[in-house]
Amino acid sequence: MKLSMALAREMSLARTQSVTGLLRGTPYGRTLRRVLEGFADIQIADRSLALAAQIFTSVLPVIIAASVISGWDAAENTIRDQFGFDSAALGAGPDATVADPTVAAFGVVGLFVVLIGGTSFARALGRLYQVVWKVPAIGGRDAWRWLAALLTVALAAGVVGQTRQLGRISYIGPPLSLVIELIVWSFVWILVPFLLTKGALNGRLLWTSGILTAIGLCLVHIAGRVVLPRLAANAREQFGPLGLAFTSISWLFVLSLVIVGAAAIVKAFALDETIVGRFLRGRDDDE
């Protein structure tokens, strides 16, 4: 059964419920209520914290392992930009190189092992979409989707980290970097839900969710460039490496809130009885 038709029925059920109270008296009030209920239903804080931990233990090792082959400079920029601290604090820097072919071979094997273990991040995302969109869980036959989602996010984090160098260009550099980041994250958060829901979402839901997630991530990154260096420096001065880890997890928790929250918000608007909901549900809503 098509997802848009299921959404239409869920919307109809929500609309026929008792229309009482401040948030039930108008269509927009009911939408806001669905957003708040959606946050509660998916346990947004718990899922965001779990997703942040998975990013730290799954995506970050993939980036570091890949640096053994591709060179540390790319990983250094990505870690500083996406995880909130300077990699030099961990005893590595741009001069770190692969010592010999044996180390390089170990890096390839290690990268493969890390990739397999790192799919826990994609599985956590898959469980999120399963709860939000009521889609079937991914089985072993479609396990490649977890790996594809992990690689997509890790590669995008690296690309976004590298685009920071464009900020050195006078006048057009910072806006250009922001536009590229918005495009990259939009593509990622359109593709990842498509992979992890096995194409169950229609195009309008996908690109709306992707753009909303990308805008949220860009806004958080803009704020992070102001506050993160100071927070990371203070944490390292007071608590050492443990402070850096705590700051990074807190930073990733905020980013995860955006990812989880965007999915819940789009779901709430897809149930809207106004033109917004009908647009998101697509043509099948009228059939």
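**As for the packing of helix H7 (residues 173–196) against helix H8 (residues 203–239)**
Axis angle and axis distance: for two packed helices, these are the angle between their axes and the distance between the axes, and together they describe the pair.
Okay, step 1: Here H7 crosses H8 at 135°, and the two axes come no closer than 7 Å. In terms of orientation, H7 and H8 fall into the oblique class. For the pair H7 and H8, the sense of crossing is right-handed.
Okay, step 2: The residue inventory of the contact of H7 with H8, partitioned by class, reads 15 nonpolar, five polar and two charged.

**Quick word on a nonpolar patch on the surface**
Okay, step 1: Among the surface-exposed residues, Leu178, Leu182, Trp207, Ile211, Ile215, Leu219, Ile222 and Phe279 lie close enough to one another that they form a single nonpolar patch of about 650 Å² accessible area.
Okay, step 2: If you list the elements that add at least two residues to the nonpolar patch, you get H7 and H8.
Okay, step 3: Of all the elements, H8 adds the most residues to the nonpolar patch, at five residues.
Okay, step 4: On the basis of relative accessibility, which here comes to 37%, the residue isoleucine 222 falls in the partly exposed class.

**Observations regarding H8**
Okay, step 1: If you check H8, its first and last C-alpha atoms are just 47 Å apart, much less than what 37 residues at 1.5 Å a residue would give, namely 54 Å.
Okay, step 2: At arginine 225, H8 is deflected by roughly 45°, the largest bend along its length, and proline proline 229 occurs up to four residues later in sequence.
Okay, step 3: Between the side-chain oxygen of the N-cap and the backbone nitrogen of arginine 204 there are 3.0 Å, and the N-cap of H8 in question is asparagine 202.
Okay, step 4: One or two positions beyond H8, positive phi appears at glycine 240, with a value near 70°.

**Examining the confidence of the model for the protein**
Okay, step 1: Considering every residue of the protein, the mean pLDDT works out to 78; 72% of them sit at 70 or more.
Okay, step 2: Mean pLDDT per element in the protein: helix H1 (residues 3–15) is the minimum at 58, and H7 is the maximum at 92.

**Things to note about unusual backbone geometry**
Okay, step 1: For lysine 134, which is not glycine, the phi dihedral falls at a positive 55°.
Okay, step 2: In this structure, lysine 134 sits in the loop between helix H5 (101–133) and helix H6 (144–163).
Okay, step 3: If you check the backbone angles, lysine 198 has positive phi at about 55° while not being a glycine.
Okay, step 4: One can find lysine 198 in the loop between H7 and H8.

**Notes on the pattern of salt bridges**
Where charged atoms of side chains with opposite charge meet at close range, the side chains can pair.
Okay, step 1: Counted by the stated rule, this structure contains four salt bridges.
Okay, step 2: We note a salt bridge from glutamate 37 to arginine 33, for which the minimum N-O separation is 2.8 Å. Within this pair, glutamate 37 and its partner arginine 33 are both found in helix H2 (residues 27–41), separated by four residues, close to a single helical turn.
Okay, step 3: One connected set of salt bridges, linked through shared partners, spans Asp142, Arg145 and Lys198.

**Brief notes about the packing of H8 against helix H9 (residues 241–270)**
Okay, step 1: Running from N to C, H8 and H9 point in directions that differ by 160°, and their axes come no closer than 9 Å. It follows from the interaxial angle that H8 and H9 lie roughly antiparallel. The hand of the H8/H9 crossing is right-handed.
Okay, step 2: Class assignment for the residues of the contact of H8 with H9 results in 21 nonpolar, eight polar and one charged.

**Regarding the side chain of threonine 213**
Okay, step 1: One can find threonine 213 in helix H8.
Okay, step 2: Assessed through its relative accessible area of 2%, threonine 213 is described here as buried.
Okay, step 3: There is a polar contact of 2.7 Å between the side chain of threonine 213 and the backbone oxygen of serine 209.
Okay, step 4: With sequence-adjacent residues up to four places away left out, threonine 213 is seen in contact with Trp189, Val258, Ile259 and Ala262.

**Quick look at the packing of aromatic side chains**
Okay, step 1: Overall, the coordinates contain one aromatic pair when judged by the stated rule.
Okay, step 2: Consider the rings of tryptophan 207 and phenylalanine 279, whose centres lie 6.1 Å apart with planes at 70°: the pair is edge-to-face. One end of the pair, tryptophan 207, is in helix H8; the other, phenylalanine 279, is in helix H10 (residues 275–281), and 72 residues separate them in sequence.
Okay, step 3: Look at tryptophan 207 and you get partly exposed, because its relative accessible area is 38%.

**Quick look at the nonpolar core**
Okay, step 1: Core analysis: the largest hydrophobic core is formed by 52 residues, its most contacted members being Leu125, Tyr129, Trp185, Trp189 and Val192.
Okay, step 2: Only helix H3 (44–70), H5, H6, H7, H8 and H9 provide two or more residues apiece to this core.
Okay, step 3: Among the elements that make up this core, the one with the highest residue count is H9 (ten residues).

**Focus: the side chain of arginine 34**
Okay, step 1: In this fold, arginine 34 is placed in helix H2.
Okay, step 2: On the basis of relative accessible area, arginine 34 is assigned to the buried category, the value being 10%.

**Focus: the environment of alanine 263**
Okay, step 1: Inspection of the secondary structure puts alanine 263 in helix H9.
Okay, step 2: Take alanine 263: its relative accessible area is 3%, and that puts it in the buried class.
Okay, step 3: Through-space distance from the C-alpha of alanine 263 to that of tryptophan 189 is 10.0 Å; in sequence the pair is 74 residues apart.
Okay, step 4: Residues in contact with alanine 263, not counting those within four places in the same chain, are Tyr129, Val132 and Trp133.

What counts, and where the lines are drawn
- Residues numbered from 1 in each chain as written.
- Predicted model: local features only at pLDDT ≥ 70, side-chain atom pairs only at ≥ 80, totals over all residues.
- Heavy atoms only, no water.
- Axes fitted to C-alpha atoms, helices over the stretch in contact; angles between N-to-C directions.
- Helix = DSSP H or I, 4+ residues; strand = E, 2+ residues; numbered from the N terminus.
- Parallel < 35°, antiparallel > 145°, perpendicular 65-115°, else oblique.
- Left-handed = near helix turned anticlockwise from the far one by under 90°.
- Nonpolar A, V, L, I, M, F, W, Y, C, P; charged D, E, K, R; others polar.
- Patch = residues over 30% accessible without salt bridge, like charges linked within 9 Å, V, L, I, M, F, W, Y side chains within 5 Å.
- Areas by Shrake-Rupley, 256 points an atom, 1.4 Å probe, with all protein chains shown as cover.
- Salt bridge = Lys/Arg side-chain N within 4 Å of Asp/Glu carboxyl O.
- Buried < 20%, exposed > 50% of the residue type's maximum accessible area, 1.4 Å probe, protein only.
- Expected span 1.5 Å × (residues − 1).
- Bend = angle between axes of the 7 residues up to and from the residue.
- Polar contact = N/O pair within 3.5 Å; in protein donor to acceptor, adjacent residues only side chain to side chain.
- pLDDT = per-residue confidence, 0-100.
- Contact = heavy atoms within 4.5 Å.
- Phe/Tyr/Trp six-rings, centres within 6.5 Å; stacked < 30°, edge-to-face > 60°.
- Core = buried A, V, L, I, M, F, W, Y, C linked by side-chain atoms within 4.5 Å.

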